[in-house]
Amino acid sequence: MTRLSAQRYDNFSSLVKRIIANEGSLDKFSRGYESFGMNQHANGGIYCKEWAPGAKSVSLVGDFNNWDVSSHHYKLLPYGKWELYIPPKADGSSPIPHGSKLKVVIGDDSGRQLYRISPWARYVTKQGTTQTYDWQHWDPPQRYLRKHPHPPRPKSIRIYEAHVGIASPEGKVATYKNFTHTMLDRIKNLGYNCIQLMAIMEHAYYASFGYQVTSFFAASSRYGTPDELKELVDTAHSMGLLVLLDVVHSHASQNTEDGLNLFDGTDSCFFHSGSRGSHSLWDSRLFNYSNWEVLRFLLSNLRWWVEEYYFDGFRFDGVTSMLYHHHGIAVSFSGDYNQYFGLHVDEESLAYLTLSNYMLHSFYPDFISIAEDVSGMPTLCRPVSEGGGGFDFRLAMAIPDKWIQILKELKDEDWNMGNIVHTLTNRRYGEKTIAYAESHDQALVGDKTLAFWLMDAEMYTNMSVLTPLTPVIDRGLQLHKMMRLITHSLGGEGYLNFIGNEFGHPEWLDFPRVGNNESYHYARRQFNLLDSGMLRYNHLNSFDRDMNHLEEEHHWLAAPPAYVSEKHEENKVIAFERALLLFVFNFHHQKSFPDYRVGVDLPGKYRIVLDSDAAEYGGHNRLNHNTEFFTEPQPQNNRSHSLMFTYTYPDFVQRRIHASELVKSGTLHRCRHYLKVYIPSRTAIVFACVDLP
């Protein structure tokens, strides 16, 4: 452990010791929801508590007391806390009926009465055309009872990133029920074993994609009730699917009436005051992670989503913004270690993230935590005991940017194989990453999905299997499969796909807003494109499914990093081995290569186990899957054996030449054994050795 990482560990360790000394235990401290907000006692009475250090008075109003501000006053406690106890009715029932609307009324220094929603509110709704949300007391007579335990953590993580509201072809906000009944089977059949749910924490502005949170303890009511979300997660668990929550603790909405901002009338409640408390690009508030009650609030929020809704992990949004005082704005991270240590690092925020991961992994050993960090902060994804930040994975955010850059700026013949491999493998050994070719960021309006960059307007007219395959659609289909497979197999220790991109969803994603006349046309996923079976989207969907199922069989994501034996610039060929599989990619837009010699470490007989050129994937069916390939004890590309895949295709007449005659430039490593392979243009092939026991 270096001196600087030891210092960071000391910051974290000191924080834990202070919590235990002052609160009794981290467990108790992180269960603030059991006393703060509104909680019902066994006798039917209701206990309320709030933290509002800037308030001069606090009252509770609502349907239950005809909104009388003078009826139910909180009592001031030390450290800016306020409490109220409301006894049960004479018959022992709750004094506040289920579904009642409520508000906390804050009296501030200037004598104003500020109507606020409790920061700990568990259910908020919006009625009709009103812009603000209402706090409703959630106390149903019949609560959803969990039926299934958390599934065991899988060996490999394959994540389906999803948004409940867009998970339907219909132009409306889809529901938890819809997701449970229509999406879970689809996700399971595609071979994903983990779902990442976005935009669950309540956000008043739908078009914020869930990243302007207003009520941190409330599951978004626009999709349904809390119990319906619990049913979704529980049903997923019954199918062996883990469910991750997209957690936004990097900032909060500016809203005051239905958000945390100015809760007690001051700008320093929950957030830093002044400019440090505002994010200039996001127009949002920034938490004060050194404040005791803010720590209680945020740690309790994490525990709440696990204990109440049974989530199996979190994807922490905006981690780069949290780690640095400059929030990553206008900063290009080069990997220079001076960028990761110094006064520009927010050590208080880093201590909070470390504490969060320590808590989650201590109480839930199989928990998964993922950092959305573009900076590459060293040790962020190493265990806390080693002085690390405790995350299990970080998102490989450079990979989708690289694919978009290639499609925007380069002709096919100018693609650089070495640069692609470098981007896919450029990660610290021992710090795991989640690779993805595209996520929700690329789908949003203003950008395009990979499929739309590749095929654009022809997706509207030429995707039918009854029409001739045009050059544009042919190129798009083949490259879409290849880019996703090489990202999946070479880019990390986990894989992520955004809802709909598995089948090359057309167009972009745009939520209803003033700028598009509140239209839902682009705020949906057109799964109906798969239903007829007559569109080429099914080819991409089938390839995605079989790619995932092959990973489940061989677990390359859980295997050590790949050994890349070839990055050939002229031939546009990349070859590597991982998890005892051989992956060969020919990105050349014209050339197919017969008898191409490829080095392998493991001798024996090989067969094709995945072929992007297969007819069922929209390919040209140029490979015979019954062919067996045998290694020869000839070193090639730094591997002990090699394969020469000799292949005769009746419609493809080309002089067979030795692989060394084809190899004129590029990065090659000497191998002891080799295979000779026939690799058609724009094709990815995966081979497995069938001689293994």
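Residues numbered from 1 in each chain as written. Predicted model: local features only at pLDDT ≥ 70, side-chain atom pairs only at ≥ 80, totals over all residues. Heavy atoms only, no water.

### Regarding the packing of aromatic side chains
Counting across every chain of the model gives 49 aromatic pairs. On the numbers, 6.1 Å between centres and 85° between planes, the contact of Phe 503 with Tyr 537 is edge-to-face. Here Phe 503 is found in the loop between β21 (494-498) and α13 (528-531), whereas its partner Tyr 537 is found in helix α14 (residues 537-554), with 34 residues between them in sequence. Owing to a relative accessible area of 0%, Phe 503 belongs among the buried residues under this scheme. A residue is classified by how much of its surface remains accessible, and Tyr 537, at 2% relative accessible area, is buried. Here the guanidinium or amino end of Lys 49 rests over the ring plane of Phe 36, the centre of that ring lying 4.6 Å away. When the ring centre of Trp 453 is taken as origin, the NZ or CZ atom of Lys 448, which lies over that ring, is 4.7 Å away. (Phe/Tyr/Trp six-rings, centres within 6.5 Å; stacked < 30°, edge-to-face > 60°. Helix = DSSP H or I, 4+ residues; strand = E, 2+ residues; numbered from the N terminus. Buried < 20%, exposed > 50% of the residue type's maximum accessible area, 1.4 Å probe, protein only. Lys NZ or Arg CZ within 6 Å of the ring centre and 35° of its normal.)

### Considering the sheet that holds strand β1 (residues 37-40)
The strands making up a sheet associate through hydrogen bonds between their backbones, and the pairing can be parallel or antiparallel. Reading across from one edge, β1-β2-β5-β4 is the order of the four strands in this open sheet, with antiparallel pairing throughout. Edge positions in the sheet fall to β1 and β4 (75-76), since each has one partner strand and no second. Here β4 pairs with strand β5 (residues 81-86) via two bridges, running antiparallel. Note on β5: the bridge partner recorded for Leu 76 is Trp 82. (Pairing = 2+ DSSP bridges.)

### With respect to the packing of helix α9 (residues 417-425) against helix α12 (residues 471-490)
Relative to each other, α9 and α12 sit at 45°, their axes nearing to 9 Å. As far as their axial angle goes, α12 and α9 are oblique. Here α9 and α12 pass one another in a crossing that is right-handed. Residues Val 421, Leu 424 and Thr 425 of α9 touch α12, and the partners they reach there are Ile 486, Thr 487 and Leu 490. By residue class, the composition of the contact of α9 with α12 is four nonpolar, two polar and no charged. (Axes fitted to C-alpha atoms, helices over the stretch in contact; angles between N-to-C directions. Parallel < 35°, antiparallel > 145°, perpendicular 65-115°, else oblique. Left-handed = near helix turned anticlockwise from the far one by under 90°. Contact = heavy atoms within 4.5 Å. Nonpolar A, V, L, I, M, F, W, Y, C, P; charged D, E, K, R; others polar.)

### Thoughts on the state of the cysteines
Overall, the coordinates contain zero disulfides when judged by the stated rule. Of all cysteine sulfurs, the one in Cys 269 lies closest to Cys 48, which takes part in no disulfide; the gap is 17 Å. With no disulfide partner, Cys 194 has as its closest neighbouring cysteine sulfur the one in Cys 381, 15 Å distant. With relative accessibility at 0%, the residue Cys 194 sits in the buried group. (Disulfide = S-S within 2.5 Å.)

### A short note on the pattern of salt bridges
One pass over the full model with this rule turns up 42 salt bridges. One connected set of salt bridges, linked through shared partners, spans Asp 27, Arg 31, Glu 34, Arg 303 and Glu 307. (Salt bridge = Lys/Arg side-chain N within 4 Å of Asp/Glu carboxyl O.)

### A closer look at unusual backbone geometry
We note that Ala 199 has phi near 55°; this positive angle belongs to a residue other than glycine. We classify Ala 199 as buried; its relative accessible area is 3%.

### Quick notes on helix α3 (residues 176-189)
Its 14 residues give α3 an end-to-end C-alpha distance of 19 Å, which sits within 8% of 20 Å, the value for a rise of 1.5 Å per residue. Remark: the principal bend of α3, roughly 40°, maps to Met 183. Inspection of α3 places Tyr 176, Phe 179, Thr 180, Met 183, Leu 184 and Ile 187 among the buried residues, and these make up the whole buried set. Residues of α3 that are buried make contact with β10 (157-163), β11 (194-198), β13 (215-219) and α4 (226-238). Phi turns positive one or two residues past the end of α3, at Gly 191, with a value near 95°. (Expected span 1.5 Å × (residues − 1). Bend = angle between axes of the 7 residues up to and from the residue.)

### Thoughts on the confidence of the model for the protein
Predicted coordinates in areas of low pLDDT are best not read in detail. Across the protein, the average pLDDT comes to 93, with 95% of residues at 70 or higher. In the model, residues 648-671 has pLDDT below 50 throughout and makes 67 contacts with residues more than four positions away in sequence or in other chains. (pLDDT = per-residue confidence, 0-100.)

### Structural notes on empty space enclosed by the protein
A water-sized probe rolled over the atoms picks out the places where empty space is left. Going through the model one piece at a time under the given rule, you end up with five cavities of 30 Å³ or more. Size it by volume and the largest cavity reaches roughly 150 Å³. In terms of lining, the largest cavity is formed by 18 residues, of which the most central are Arg 8, Leu 350, Thr 354, Gly 387 and Gly 388. If you list the elements that add at least two residues to the lining of the largest cavity, you get α1 (3-23) and α7 (347-363). (1 Å grid on protein atoms, 1.4 Å probe; cavity = no way out; pocket = protein on both sides within 12 Å on 5 of 7 lines; lining within 4 Å. Points joined across faces, edges and corners; volume = space filled by probe spheres on them.)

### Describing the side chain of Thr 487
Relative to the assigned elements, Thr 487 resides in helix α12. Residue Thr 487 is classed as buried on the basis of its relative accessible area of 0%. Side-chain polar atoms of Thr 487 contact the backbone oxygen of Met 483, separated by 2.7 Å. Leave out the neighbours within four places in its chain, and Thr 487 touches Ile 399, Trp 403, Leu 424, Ala 435, Tyr 436, Ala 437, Gly 492 and Tyr 495. (Polar contact = N/O pair within 3.5 Å; in protein donor to acceptor, adjacent residues only side chain to side chain.)

### Concerning the packing of α1 against α7
A pair of packed helices can be characterised by two numbers: the angle between their axes and the separation between those axes. Where α1 meets α7, the closest approach of the two axes is 9 Å, and the angle between their N-to-C directions is 65°. Judged by the sense of rotation from one axis to the other, the crossing of α1 with α7 is right-handed. Residues Arg 8, Asn 11, Phe 12, Leu 15, Val 16 and Ile 19 of α1 form the contact with α7, whose participating residues are Glu 347, Leu 350, Ala 351, Thr 354, Leu 355 and Tyr 358.

### Section: the sheet that holds β11
The parallel closed barrel is built from eight strands, whose spatial order is β10-β11-β14-β17-β18-β19-β20-β21. The average angle at which neighbouring strand axes cross in this sheet is 30°, direction not considered. Sheet analysis places strand β18 (residues 368-371) next to strand β19 (residues 393-395), joined by two bridges and oriented parallel. Bridge assignment links Ala 371 to a residue of β19, and that residue is Arg 394.

### Quick look at the pairing of β10
Along β10, seven of the seven residues are buried, which leaves the element largely enclosed by surrounding structure. Burial along β10 is two-sided: Ile 157, Ile 159, Glu 161 and His 163 and Arg 158, Tyr 160 and Ala 162, pointing in opposite directions, are all buried. Pairing of β10 with β21, which is carried by five bridges, proceeds in the parallel orientation. Looking at the pairing, Ile 159 lines up with Leu 496 of β21. Note that the unit made of β10, α3 and β11 has a crossover that is right-handed. (Right-handed = clockwise from strand over helix to strand, strands pointing away.)

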